[in-house]
Amino acid sequence: MKLKNKVAFVTGGTSGIGLETAKLFQAEGAHVVLVGSNEARLAAAGEELKGKALLVRADIRKVADIERAVEETRARFGHIDVVFANAGATTVAPLEAVTEEYVADNLALNFTGTFFTIQKTAPIIAQGGSIIVTTSFLNTIGYPGLSILAATKAATRSLVRTLGAELAPRGIRVNAVSPGAIATPFYSKMGLPDDVLSQVASGITEKIGLKRFGEPVELAKTVLFLASDDSSYTTGAELVVDGGLTQF
Ligand SMILES: NC(=O)c1ccc[n+]([C@@H]2O[C@H](COP(=O)([O-])OP(=O)(O)OC[C@H]3O[C@@H](n4cnc5c(N)ncnc54)[C@H](OP(=O)(O)O)[C@@H]3O)[C@@H](O)[C@H]2O)c1
């Protein structure tokens, strides 16, 4: 068991990559704290984790919610060993459709929320702890309609280096996992009609070296590597899990 008795704090844990990772963490012996904003999805995810996870409803866009989630975790477990800062979402907006509110909302969830997840958990992360941030293939390649999400992901990639440097003296490692196109509910939440969505999916599949979408479990295994002592000498890095999408 790679995470026996470790405490893992997972945001965006109710669905897709986060849920699959939470299940793998639990199978590897971790106590899981599952954070999500949607009550029904949180309850359903809790059942998938056999009722053993601490479920915390929190909107990552609100710093007070993150503080409450961390306080509930401290009250139950006293400390954290692994943080998976993974919550994220967006809708498609080409240049002319981007508004001030759209930028603010995307920043709040995909960048500021990630930053404060790290800032608020850091004081109770144990020596030897590990923080993993979910970035994206969009931080290296351009894709129409996703300018603001891509910029937030590039910013979080940058955070991993700076906060990795700040936390290294405490023996805490900070890394990123960069997904390519992964089969999760992420796409169905982007505000695109089904026919456009399937055109987008086949367009992306064509560009992927392995010619298929990735499965959430393929991300989860990489996150487990970064969370565990198997990656004890890796910090400030971004591991790419994208079937070759950004490599060739
Ligand atoms: N799927 C891909 O192809 C892909 C590619 C590159 C990067 N990523 C990144 O991977 C991460 C996980 O995405 P996914 O593909 O697994 O999508 P997903 O299945 O839609 O999961 C997104 C998670 O984020 C949570 N979330 C959304 N808004 C939130 C908020 N305001 N407060 C708290 N939690 C919130 C959702 O929880 P609730 O439902 O409870 O709100 C859900 O658990 C994201 O950061 C995404 O940008 C995904």
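Above this note sits the structure.
Residues numbered from 1 in each chain as written. Predicted model: local features only at pLDDT ≥ 70, side-chain atom pairs only at ≥ 80, totals over all residues. Heavy atoms only, no water.

Chemist: I tried to follow the overall build of the protein chain on my own but got confused; where do I start?
Modeler: Along the backbone of the protein chain there are 7 helices and 7 strands. Along the chain direction, N to C, the helices and strands of the protein chain fall in the order β-α-β-α-β-α-β-α-β-α-β-α-α-β. Taken over the C-alpha trace, the protein chain has a radius of gyration of 17 Å; the compact-globule value for 248 residues is 18 Å, and the two agree within 12%. In terms of its C-alpha atoms, the protein chain occupies a principal-axis envelope of roughly 45 × 35 × 35 Å. By sequence separation, contacts in the protein chain at least 24 residues apart represent 72% of the contacts at least 6 residues apart. As displayed, the protein chain offers around 11,300 Å² of accessible surface, 56% of which is attributable to carbon and sulfur atoms. Counting 24 positive and 25 negative side-chain charges, the protein chain places the averaged centre of each group 6 Å from the other. (Helix = DSSP H or I, 4+ residues; strand = E, 2+ residues; numbered from the N terminus. Rg over C-alpha atoms; globule rule 2.2 N^0.38 Å. Contact = heavy atoms within 4.5 Å. Areas by Shrake-Rupley, 256 points an atom, 1.4 Å probe, with all protein chains shown as cover. Lys, Arg positive; Asp, Glu negative; His and termini not counted. Charge placed at Lys NZ, Arg CZ, Asp CG, Glu CD.)

Chemist: Help me out: how do you make sense of the site of the ligand in this one?
Modeler: The local shell around the ligand holds 31 residues, among which Ser15, Ser37, Arg41, Thr184 and Tyr187 are the closest. Ser15 places a polar side-chain atom, nitrogen or oxygen, 2.5 Å from an oxygen atom of the ligand. One of the side-chain N or O atoms of Ser37 is found 2.4 Å from an oxygen atom in the ligand. Its free accessible area being 880 Å², the ligand has 96% of it covered by the protein chains. Taken together, the residues of the shell around the ligand break down into 11 nonpolar, 15 polar and 5 charged. (Near = heavy atom within 4 Å. Polar contact = N/O pair within 3.5 Å; in protein donor to acceptor, adjacent residues only side chain to side chain. Nonpolar A, V, L, I, M, F, W, Y, C, P; charged D, E, K, R; others polar.)

Chemist: Is there a simple way to think about the packing of helix α4 (residues 100–121) against helix α5 (residues 147–167) in this case?
Modeler: The relative placement of two packed helices comes down to the angle between their axes together with the axis-to-axis distance. At a minimum axis distance of 10 Å, the contact between α4 and α5 shows a crossing angle of 20°. Comparing the axis directions of α4 and α5 gives the class roughly parallel. Between α4 and α5 lies a crossing whose hand is right-handed. Of the residues in α5, those touching α4 at Tyr102, Val103, Asn106, Leu107, Asn110, Phe111, Thr114, Phe115 and Ile118 are Ile148, Leu149, Thr152, Ala155, Thr156, Leu159, Leu163 and Leu167. (Axes fitted to C-alpha atoms, helices over the stretch in contact; angles between N-to-C directions. Parallel < 35°, antiparallel > 145°, perpendicular 65-115°, else oblique. Left-handed = near helix turned anticlockwise from the far one by under 90°.)

Chemist: Could you clarify how one ought to interpret the sheet that holds strand β1 (residues 7–11) in this entry?
Modeler: Strand order in this open sheet of 7 strands is β3-β2-β1-β4-β5-β6-β7, and the pairing throughout is parallel. If you trace the sheet from one side to the other, it starts and ends with β3 (54–57) and β7 (238–241), each paired once. Between one strand axis and the next, the sheet turns by 15° as a mean value, whatever way the strands run. Where strand β6 (residues 173–179) and β7 come together, 4 bridges link them in parallel fashion. In the strand pairing of β7, Pro179 is matched with Val241. Helix-sheet contacts for helix α7 (residues 216–227) involve β4 (80–85), β5 (125–134), β6 and β7, and the interaxial angle to β6 is about 170°. (Pairing = 2+ DSSP bridges.)

Chemist: Where do I start with the environment of Ala126 in this structure?
Modeler: Relative to the elements of secondary structure, Ala126 occurs in strand β5. A relative accessible area of 22% places Ala126 in the partly exposed class. Taking the C-alpha atoms as reference points, Ala126 and Leu245, 119 residues apart in sequence, are found 35 Å from one another. Ignoring any residue separated from it by four or fewer positions in sequence, one finds Ala126 in contact with His79, Ile80, Asp81 and Ile172. (Buried < 20%, exposed > 50% of the residue type's maximum accessible area, 1.4 Å probe, protein only.)

Chemist: Just to check I follow, could you spell out the pattern of salt bridges for this structure?
Modeler: Side-chain pairing between opposite charges can occur once the charged atoms of the two side chains come close. Per the stated rule, a full pass over the model turns up 12 salt bridges. Notably, a salt bridge pairs Arg61 with Asp59, separated by 2.8 Å at the nearest N-O pair. Notably, a salt bridge pairs Arg68 with Glu72, separated by 3.5 Å at the nearest N-O pair. With Arg68 and Glu72 both in helix α3 (residues 63–77) and 4 residues apart, this pair spans about one turn of that helix. Under the relative-accessibility criterion, Arg68 is labelled partly exposed at 35%. Through salt bridges that share partners, Glu20, Lys23 and Glu48 make up one connected network. (Salt bridge = Lys/Arg side-chain N within 4 Å of Asp/Glu carboxyl O.)

Chemist: I'm lost on the packing of aromatic side chains in this one. Help?
Modeler: Two aromatic rings, taken as a pair, are described by how far apart their centres are and by the angle between their planes. One pass over the full model with this rule turns up 3 aromatic pairs. Centroid distance Phe186 to Tyr187: 5.7 Å. Interplanar angle 75°. Geometry classified as edge-to-face. Judged by its relative accessible area of 27%, Phe186 falls in the partly exposed class. A relative accessible area of 15% means that Tyr187 is categorised as buried. (Phe/Tyr/Trp six-rings, centres within 6.5 Å; stacked < 30°, edge-to-face > 60°.)

Chemist: So what exactly am I meant to see when it comes to α7 here?
Modeler: For an α-helix, the turn length of 3.6 residues means that residues three or four places apart are oriented alike. In this model, α7 (12 residues) spans 16 Å end to end at C-alpha, consistent with the 16 Å of a helix rising 1.5 Å per residue. Those residues of α7 not exposed but buried are Pro216, Leu219, Ala220, Thr222, Val223, Leu224, Leu226 and Ala227. Buried-residue contacts for α7 involve α1 (16–27), β4, β5, β6 and β7. (Expected span 1.5 Å × (residues − 1).)

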